[in-house]
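Architecture at a glance
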Amino acid sequence: MMFRSLAFLLLVGLVAWAYQATQPPPPKICGSPGGPPITAPRIKLRDGRYLAYKEHGLSKQVAKHNIIFVHGFGSSRHDALIATQLSPELVEDLGVYIVSFDRPGYGESDPDLKRTAKSLALDIEELADQIGLGSKFYVVGYSMGGQVIWSCLHYIPHRLAGATLHAPVINYWWPGFPANLSTDAYYKQPPGDQWALRVAHHIPWLTYWWNTQTFFPSSSVIVRKPELIFSSQDLEIFRNMKGSGRENNKPQGKQQGEFESVHRDLMIGFGNWEFDPIEIKNPFPNNEGSYKDGMSEAMLKAMLAGGK
């Protein structure tokens, strides 16, 4: 009898420990006691959340083109490649105004516990409305931010003057993705990344635990081991970029906690989407806008020209 009681208590304790281990710590909300300070301009969204943003380039009053830039995984509004990597002369010549923003849970934007692919597109639409970008604007997304552009193309195509995806991340579980291509690409990843994405897709409530435990390999991006997924040439490029200031902005991106930023990014980005991007039709059938995959000075010029 005593043995059964001890076994029961041990089982209860084990279950309680396991449950506790899967629960992420609460985020450190910007402006709350003990949380990071608020330094950026922010708008208040429809559900009471705050969204932080940063303006670049020409002022809205004189700009010919308004662009919203969506940052990538583990980043923030400061890492607006389209603004920081283009020369001021080109920005002025094209007449470009650029606004970057912290996606929910990143930087100084409040977390969104109900975040979906659709809510991100609606956040962008509301940002455009509140800062006065007019009826149409351009969107550019980098890496995981590229996934948000597909959401914009699906949910708010009527608001877009043009769209560009720069090195976008795909979801291996999109129904329309050719199975042979998605499988081949999936298994070219390191085993830890394969498992991290499996967990995010099939058992998202374990995402925090999987990427913080030390028993099994987890996401190489989260644990910052680029040597597992990049070639020696890529690593050399990264080393040369360290003086650009981008690395200095990395900590701020996750300052409210990793769960509501990078972990939820995995859960949304590789979860079950409400639509299939493969089936998106041309949102500009009459050439009234432009859609580009990739970003360079030439591509930027082409996108803006297509939206005239």
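All values reported here derive from a predicted model rather than from experimental measurement.

Quick notes on the overall build of the protein chain
- Counting secondary structure elements, the protein chain contains 12 helices and 7 strands.
- Counting over 308 residues, the protein chain shows a buried share of 49%.
- Taking the contacts inside the protein chain whose residues are at least 6 apart along the sequence as the reference set, 73% of them involve residues at least 24 apart.
- As displayed, the protein chain has an accessible area near 15,600 Å², and 59% of this comes from carbon and sulfur atoms.

What about empty space enclosed by the protein?
- Going through the model one piece at a time under the given rule, you end up with 1 cavity of 30 Å³ or more.
- Reported here for the largest cavity is a volume of approximately 70 Å³.
- Of the residues in the lining of the largest cavity, the class split is 6 nonpolar, 3 polar and 3 charged.

Looking at unusual backbone geometry
- The backbone of Ser143 sits at a positive phi, close to 60°, despite the residue not being glycine.
- With respect to the element layout, Ser143 can be found in the loop between β5 (137–142) and α5 (144–155).
- Positive phi values are uncommon outside glycine, yet Ala167 reaches one of about 50°.
- By secondary structure assignment, the location of Ala167 is in the loop between β6 (160–166) and α6 (179–186).
- When its relative accessible area of 48% is taken as the criterion, Ala167 is described as partly exposed.

Let's talk about the pattern of salt bridges
- Applying the stated criterion across every chain, the model contains 16 salt bridges.
- A salt bridge links Arg46 to Glu126; its shortest N-O distance comes to 2.9 Å. One end of the pair, Arg46, is in the loop between β1 (42–44) and β2 (50–57); the other, Glu126, is in helix α4 (residues 117–131), and 80 residues separate them in sequence.
- Overall, the relative accessible area of 15% leaves Glu126 in the buried class.

Topic: α4
- The first and last C-alpha atoms of α4 sit 22 Å apart over 15 residues, in line with the 21 Å expected at 1.5 Å per residue.
- Most of α4 sits out of view: 11 of its 15 residues are buried.
- Among the residues trailing α4, Gly132 stands out with phi positive, at a value near 75°.

Rules used in this analysis
- Residues numbered from 1 in each chain as written.
- Predicted model: local features only at pLDDT ≥ 70, side-chain atom pairs only at ≥ 80, totals over all residues.
- Heavy atoms only, no water.
- Helix = DSSP H or I, 4+ residues; strand = E, 2+ residues; numbered from the N terminus.
- Buried < 20%, exposed > 50% of the residue type's maximum accessible area, 1.4 Å probe, protein only.
- Contact = heavy atoms within 4.5 Å.
- Areas by Shrake-Rupley, 256 points an atom, 1.4 Å probe, with all protein chains shown as cover.
- 1 Å grid on protein atoms, 1.4 Å probe; cavity = no way out; pocket = protein on both sides within 12 Å on 5 of 7 lines; lining within 4 Å.
- Points joined across faces, edges and corners; volume = space filled by probe spheres on them.
- Nonpolar A, V, L, I, M, F, W, Y, C, P; charged D, E, K, R; others polar.
- Salt bridge = Lys/Arg side-chain N within 4 Å of Asp/Glu carboxyl O.
- Expected span 1.5 Å × (residues − 1).

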